[in-house]
Each structure stands twice: as C-alpha cells, then as structure tokens.
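Here are the chains, one letter per residue:
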Amino acid sequence: MREADEGARSTLLAKLAQRFQFVTADDAESTDLRKRYAFARGAAGSAGACAAFASVALKQGVSRCVSVVIGNGLDTHFSGSLDHAKLLQPGIAALAALIDDLATSDAPEELQKIGGRTWLDHTTIVAFSEFARTPLFNTHGGRDHHLASSCLLAGAGIAGNRVVGETGAAGMGSCRYDFQAGHLVPEGGDAIGPEHIRATLLASAGLPTEAAGIHAPPIRELLAGGA
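Scope of this entry: the structure provided in the associated data block.

1. Points about the side chain of threonine 123
Within the secondary structure, threonine 123 is located in the loop between helix H5 (109-112) and strand S1 (124-128). Residue classification places threonine 123 among the buried residues on the basis of a relative accessible area of 10%. Among the polar contacts listed, one links the side chain of threonine 123 to the backbone oxygen of tryptophan 119, at a separation of 2.8 Å. If near-sequence neighbours (up to four positions away) are discounted, threonine 123 is found in contact with Leu58, Leu102, Ala154, Gly155 and Ala156.

2. Observations concerning the nonpolar core
Judged by nonpolar contacts, the single largest core of 21 residues is most densely connected at Phe22 and Tyr37. Per element, the largest residue contribution to this core is 6 residues, and it comes from helix H3 (residues 47-59). For tyrosine 37, the residues in contact, after removing those within four places along its chain, are Gly48, Ala51, Ala52, Ser55, Ala94, Ala97, Leu98 and Asp101. Within the second largest apolar cluster, 7 residues are counted, among which are Ile158, Ile197, Ile219 and Leu222.

3. Thoughts on the environment of leucine 136
Checked against the element boundaries, leucine 136 lands in strand S2 (residues 132-137). With residues up to four places along the chain from it excluded, the contact list for leucine 136 reads Gly142, Arg143 and Met172.

Rules of the game
- Residues numbered from 1 in each chain as written.
- Predicted model: local features only at pLDDT ≥ 70, side-chain atom pairs only at ≥ 80, totals over all residues.
- Heavy atoms only, no water.
- Helix = DSSP H or I, 4+ residues; strand = E, 2+ residues; numbered from the N terminus.
- Buried < 20%, exposed > 50% of the residue type's maximum accessible area, 1.4 Å probe, protein only.
- Polar contact = N/O pair within 3.5 Å; in protein donor to acceptor, adjacent residues only side chain to side chain.
- Contact = heavy atoms within 4.5 Å.
- Core = buried A, V, L, I, M, F, W, Y, C linked by side-chain atoms within 4.5 Å.

Next comes the structure, spelled out in structure tokens:
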C-alpha cells in the first residue's frame, strides 16, 4: 500500500496531464500537432487526437506501452460497403499519421546508442480489430461479423511490406499455414491466430515466448532479418 501511495503521489506531482493539453492549447507546437494528425481543436475523441495521444505518451516517457482506439461505429449491418470504407478512413489516416510522426522524430540519445535514430526504430505498432467483416453482403446490403480477420505490424523488429496468410475462396475462412516452411499449405499446418501474433511481437523484441506462457511459434517471415 505504501509503494502504491508513493507511486500515485509521484504521478500527481509530475503533472502529466499538462503534457496532453495539445487538444485545446493555442501554442504553436499544439497547433502543429493537431495539423499533423488532422483533428480540430477540442476534438479529444477523434481518431487523430487518440493517435496523437499515443505519440505524446511514448515520446514524453509517460508510458512504454500505449493502447488507443482509432476506429468506432463500424457496425455496418444495414448499409453498403461504401459507407464502411468512409467510416474506416479516419482511423487509417490517424494510423498513417502516427507512423509518419514516429518515423520522422529523433529518439533520445540513450535509445540511439543501442541502435536506430527515430522513434519508429524503437517502437512496434500493432493495429487490429476485435472482429472482422464478412466479404459477403447480407439481405440489407451490409456486412456481418466474420471469424477471419487481419492485423498490421510495423516498426521495430518488423520486416515491412509483407503479407502472410490469406482467406480461401470457399467460405472465406482462414487458410492453413506451415510455420516451419513459412508458406501456405493446402492441408495440415495451422490457422494463424492471436497467439502467433503475440509470439511474433515477443520475438521481434528478442524475448523468449515460453517465458510469457506462449507456446505458439512466431511468424518468422514478419521479423526483421528473418530472426
């Protein structure tokens, strides 16, 4: 209890909230940040503001791990795919702004000494949804929930510009993947799941997966240098 009290007092004395005044502040730095992430002054709940929050939290040393929601209201059961694409766009743009921000911002000297000049060289980004959308239209012209999904990995330890896995033409289910051979197989293998993404993230940081209780293999094709 004493340790928790000391931690809470230290957090309050640090006045961390002042570091996130960029949503409403009028100084040049806050204005530039809102422009970079394309959100209006005071729009704290927008996708751009949430992505900017993640950037500030990392670069200001508030947290080494940040989780934000940059896409909401995506249930399109009763509308067509064009509506869904429009709903997705702000989140995609915010993610692109975050990656660009980290890729063009110099990391502190102590991080540069261990390798990598920019913040993106020391940050791994995972973008995902809690469920996917079926490629098929329902009777209302909308899309329902689907088991097969995808996620995006970028940044430190990740080999970019690669796609691993796919869905089949029949039933749009996940195809089987051979983790040893590193390619899709017509039979055998396994479906790529969340446990493989967790293993890949740990492996990208050079950490053993078994220590975290994960017994699934990482997706080595996604690791920088194929490590």
